[in-house]
Amino acid sequence: MGYFLFRRTISFVLTLLAVSVVVFAVMNILPGDPALSILGLDATEDALAALREELGLNEPVLSRYLAWIAGAVQGDFGISQSFRVPVSELIAERLPLTVSLAISGMVVTVILAVALGVAAAANHGKAGDWGIMFLSQLGIAVPAFWLSILLVLLFAVKLRWLPPGGFPGWSEPAAAVRSLILPTVALALVQSAVLARVTRSSALEVMRLDYIRTARAMGFSRRRVLWRHVLPNALIPIVTIVGLQFAALVTGTIVIENVFYLPGLGRLIFQSIANRDLPTVQALVMLFAAIVVTANFIVDLLYLAIDPRLKARS
Amino acid sequence: MIEAAGLTVELGAGQAVREASFVIAPGDRIGIVGESGCGKTMLGLALMGMVPDAGRVSGSLTVDGTQMVGAGEATWQRLRARRVAMIFQEPMAALNPIKRVGETVMEPMMVHLGLGRDAARARALELFREVGIPDPEARLRQFPHEISGGQRQRVLIALALACDPGVLIADEPTTALDANVALRVTQLLVGLAERRTMGLVFISHDLAAVARATERVMVMYGGDIVERGATGEVLVRPRHPYTQGLLSARPSPGNMRATAGRRGRLPTIPGSVPPLAELAPGCRFSGRCPVELDVCRGERPPLRGTMICHRAEEGA
């Protein structure tokens, strides 16, 4: 077990390192002059030279990379060109919103998907199963941004239950939560459609196994067999998909934050790309990648918690 | 106390169990023998109310006086573990792999008997001792993959005994175990049945194990109980042609010597058990029977004494 953790930690660090190389390379080595792309084609040669100097573009690539990594490890991602403040400040302001959105989206996804998936498996081949599978097929087919617009039209414009967008800040908690409801639902519905199918097929697989027959032979109720015996054993594939979906949710916030005018990281990366704000884009892409890698690392740890057999093997 | 009368299990294409009648009283030890696919397991499942969804059960089955044919799932749930318990063939696969075996054995006591964790743990420890699990304190905390097949079967027996059932159905309890372990598990089941005056239904195709474990035996073929009687009597002087074939097909010093001339081949029953839908409407064994008459195929043989066979009177 110690060995497993050690190996996973090493590969976690190596993955982050590899991601940083790719992100840096894409931003700095590929053809195109960052100074030119920031200032535009009309810029004078003097202005370009000055900006190259300011960005440190005259240094060798390797030393620029090392300087970037050294700064990033300490939370220093340089100065944003468009906002003229440290990138770390921009991130610190917007991170809580995006993290709240991603986590609430994940929680709603898991609750909805497990409930529907288990219900479908329990009613295998009956109307309930078909209904849930039809809805999930629909959910998979619908794009998140389109669903968001429908939700806004229905709940904000027509019924006026919830705000159509914007974020009042955490100083008004009730209003803040209300403004996150629609974005959360928009994120979660699509993801839970996928996860419900995984849950259903994993549960059906487990229901056929001998130890479930043993549990039935012990006179346990259907509900107890389902939730206490089938579901815990069906969790491994579910957790795998949840890890992947967390990545999709985090990147999904880019679209959702733009649709709902939420001042989070997703909107920041969108603006930064439009403004050709290189240090900010570079830091955000790295941050998104780090979140995804961390999520997968946590999934690996969850496997150990779920299945004692893995502990023995590792 | 279990009483079956004309108990029939229909499975889509045909009858997996046909008009089975028998009584299992406290302390009875009854064997059910026969080839694979002859209905032994389906009969066991019928006694637990666990035939597959597609199956239809008819006839009469009472458990402690309650009619269970047509009873709902909720009624069966109250019976399972407390009146009738069952252990299955594959001890490797029959235990929840992510639960400690102690927790598995404690669960029915906490759910059905309302015991608290400490009381359930104490009883689980007692049960582990009773079924002969060495170092029971440590075993309680282990996972199924950490213990051997024989120990797992003992854990399953402890689980089945958790709510002190009146009848224990053991479906091929020793088949997946090696010979030494199988012998000890058989002896354990006999000892438990005697000490607890618990009924034991021992389903097996291992005739030696059935001979050791049971007092009475029912031989099944194609869903019919074709012969029954005292275990010693039936297994020593089989009267039904199927039982005779079954017995002659097992290696023993006698038939090995008799067949030595023919390159040491064991006698076999020609053919194999046909699928349910293709069974003859009359005697199920017709087509494979060496002493078949014209009436056998179409007409169901009546129960005569201890067997159903058209040639029963001739002492076939």
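Residues numbered from 1 in each chain as written. Chains lettered and ligands numbered in written order. Predicted model: local features only at pLDDT ≥ 70, side-chain atom pairs only at ≥ 80, totals over all residues. Heavy atoms only, no water.

What is the right way to read the interface of chain A and chain B from this model?
A common way to report how large an interface is uses the accessible area buried once the components associate. Facing the 21 residues of chain A at the interface are 24 residues of chain B. Regarding the contact of chain A and chain B, the summed buried area is about 2,200 Å², with carbon and sulfur atoms giving 63% of it. Together, Arg213(A), Arg216(A) and Met218(A) form the three largest contributors to the area buried by chain A at its contact with chain B, with a combined 27%. If you look at where chain A meets chain B, you find 2 salt bridges. (Contact = heavy atoms within 4.5 Å. Buried area = accessible area lost by both parts, 1.4 Å probe. Salt bridge = Lys/Arg side-chain N within 4 Å of Asp/Glu carboxyl O.)

What is the right way to look at the state of the cysteines in this model?
What makes a disulfide is a covalent bond joining the sulfur atoms belonging to two cysteines. All names here are of chain B. This model, assessed by the stated rule, comprises 0 disulfides over all chains. Not engaged in a disulfide, the cysteine Cys 38 finds its nearest cysteine sulfur in Cys 283; these two sulfurs lie 14 Å apart. Judged by its relative accessible area of 1%, Cys 38 is buried. Cys 296 carries a free sulfur, and the closest cysteine sulfur to it, the one in Cys 283, is 5.7 Å from it. (Disulfide = S-S within 2.5 Å. Buried < 20%, exposed > 50% of the residue type's maximum accessible area, 1.4 Å probe, protein only.)

Looking at this structure, I do not really get the UniProt feature "domain: ABC transporter" (unreviewed entry) in chain B. What am I missing?
Under the UniProt annotation, the feature "domain: ABC transporter" (unreviewed entry) is placed at residues 2-247 of chain B. The span residues 2-247 of chain B is 39% helix and 26% strand, and its two end C-alpha atoms sit 28 Å from each other. (UniProt positions renumbered as here; feature names shortened; annotations may be inferred. Helix = DSSP H or I, 4+ residues; strand = E, 2+ residues; numbered from the N terminus.)

Please clarify how the pattern of salt bridges should be interpreted in this entry.
Side chains that carry opposite charge are capable of pairing whenever their charged atoms lie near each other. Residue and element names in this part refer to chain B. Applying the stated criterion across every chain yields a total of 24 salt bridges over all chains. Here Arg 29 makes a salt bridge to Glu 215, at a shortest N to O gap of 3.8 Å. Residue Arg 29 is located in strand 3 (residues 29-33), and its partner Glu 215 is located in the loop between helix 8 (207-213) and strand 9 (216-221); the two are separated by 186 residues in the primary sequence. Look at Arg 29 and you get buried, because its relative accessible area is 10%. Here Glu 215 falls in the partly exposed class, since its relative accessible area comes to 40%. Linking Glu 107 and Lys 99 is a salt bridge whose minimum nitrogen-to-oxygen distance equals 2.9 Å. Assessed through its relative accessible area of 5%, Glu 107 is described here as buried.

In this structure, what is going on with a nonpolar patch on the surface? I would like to understand it.
Residues and elements named next belong to chain A. On the surface, a nonpolar cluster with roughly 630 Å² of combined accessible area is contributed by Phe 145, Trp 146, Ile 149, Leu 150, Leu 153, Val 157 and Val 255. By residue number, the principal contributor to the nonpolar patch is helix 7 (residues 144-158), which donates 6 residues. Inspection of the secondary structure assignment puts Leu 150 in helix 7. (Patch = residues over 30% accessible without salt bridge, like charges linked within 9 Å, V, L, I, M, F, W, Y side chains within 5 Å. Areas by Shrake-Rupley, 256 points an atom, 1.4 Å probe, with all protein chains shown as cover.)

Would you explain the sheet that holds strand 1 (residues 2-11) of chain B in this entry?
What links the strands of a sheet is backbone hydrogen bonding, and the strands pair in either a parallel or an antiparallel sense. Residues and elements named next belong to chain B. Read across the sheet, 4 strands follow the order 2-1-4-5 without closing on themselves; strand pairing throughout is antiparallel. Edge positions in the sheet fall to strand 2 (14-24) and strand 5 (66-67), since each has one partner strand and no second. Where strand 1 and strand 2 come together, 7 bridges link them in antiparallel fashion. Looking across to strand 2, one finds that Glu 10 is bridged to Gln 15. (Pairing = 2+ DSSP bridges.)

Just to check I follow, could you spell out the side chain of Ser202(A) for this structure?
Residues and elements named next belong to chain A. As for its placement among the helices and strands, Ser 202 is situated in helix 8 (residues 173-207). You can call Ser 202 buried: its relative accessible area is 8%. If sequence neighbours within four positions are ignored, Ser 202 has contacts with Ala 234 and Pro 237.

What am I meant to see in the confidence of the model for chain A here?
Should pLDDT be low for a region, the predicted coordinates there are not to be read in detail. The predicted model of chain A averages 88 in pLDDT, with 98% of residues at 70 or higher. Helix 13 (residues 308-313) of chain A is the least confidently modelled element of chain A, averaging 73 in pLDDT, while helix 9 (residues 210-217) of chain A averages 94, the highest of any element. (pLDDT = per-residue confidence, 0-100.)

Help me understand a positive patch on the surface in this model?
A contiguous patch of positive charge, built from Lys311(A), Arg100(B), Arg121(B) and Arg141(B), is present on the exposed surface. Here Arg121(B) is to be found in helix 4 (residues 117-130). Note on Arg121(B): relative accessible area 34%, which makes it partly exposed. (Lys, Arg positive; Asp, Glu negative; His and termini not counted. Charge placed at Lys NZ, Arg CZ, Asp CG, Glu CD.)

What is the right way to read the packing of aromatic side chains from this model?
How two aromatic rings sit relative to each other is set out by the distance from centre to centre and by the angle between their planes. Going through the model one piece at a time under the given rule, you end up with 9 aromatic pairs over all chains. A centroid spacing of 4.6 Å and a plane angle of 50 degrees characterise the contact between Tyr221(B) and Tyr242(B), whose relative ring orientation is tilted. Note that Tyr221(B) is positioned in strand 9 and Tyr242(B) in helix 10 (residues 241-248), a separation of 21 residues in sequence. Using a relative accessible area of 0% as the deciding quantity, one classes Tyr242(B) as buried. Taken together, the ring pairs in this structure connect Phe24(A), Tyr65(A) and Trp68(A) into an aromatic cluster. Taking the ring centre of Phe83(A) as reference, the NZ or CZ of Arg94(A) above it sits at 5.7 Å. Cation over ring: Arg224(A) sits above Phe220(A), and NZ or CZ is 5.6 Å from the ring centre. (Phe/Tyr/Trp six-rings, centres within 6.5 Å; stacked < 30°, edge-to-face > 60°. Lys NZ or Arg CZ within 6 Å of the ring centre and 35° of its normal.)

Just to check I follow, could you spell out the pairing of strand 3 of chain B for this structure?
Sheet faces and side chains relate simply in a regular strand, where the side chains alternate between the two faces. Residue and element names in this part refer to chain B. The element strand 3 is extensively covered by neighbouring structure, given that 5 of its 5 residues are classed as buried. Residues Arg 29, Gly 31 and Val 33 line one face of strand 3 and the alternating positions Ile 30 and Ile 32 line the opposite face, and both faces are buried. Sheet topology note: the strand 3/strand 8 (residues 199-203) ladder contains 4 bridges and is parallel. Counterpart to Ile 30 in the pairing with strand 8 is Val 201. In the sheet, strand 3 pairs with strand 9 via 4 bridges, with the strands oriented parallel. Each residue of the ladder has a partner; that of Gly 31, found in strand 9, is Val 217.

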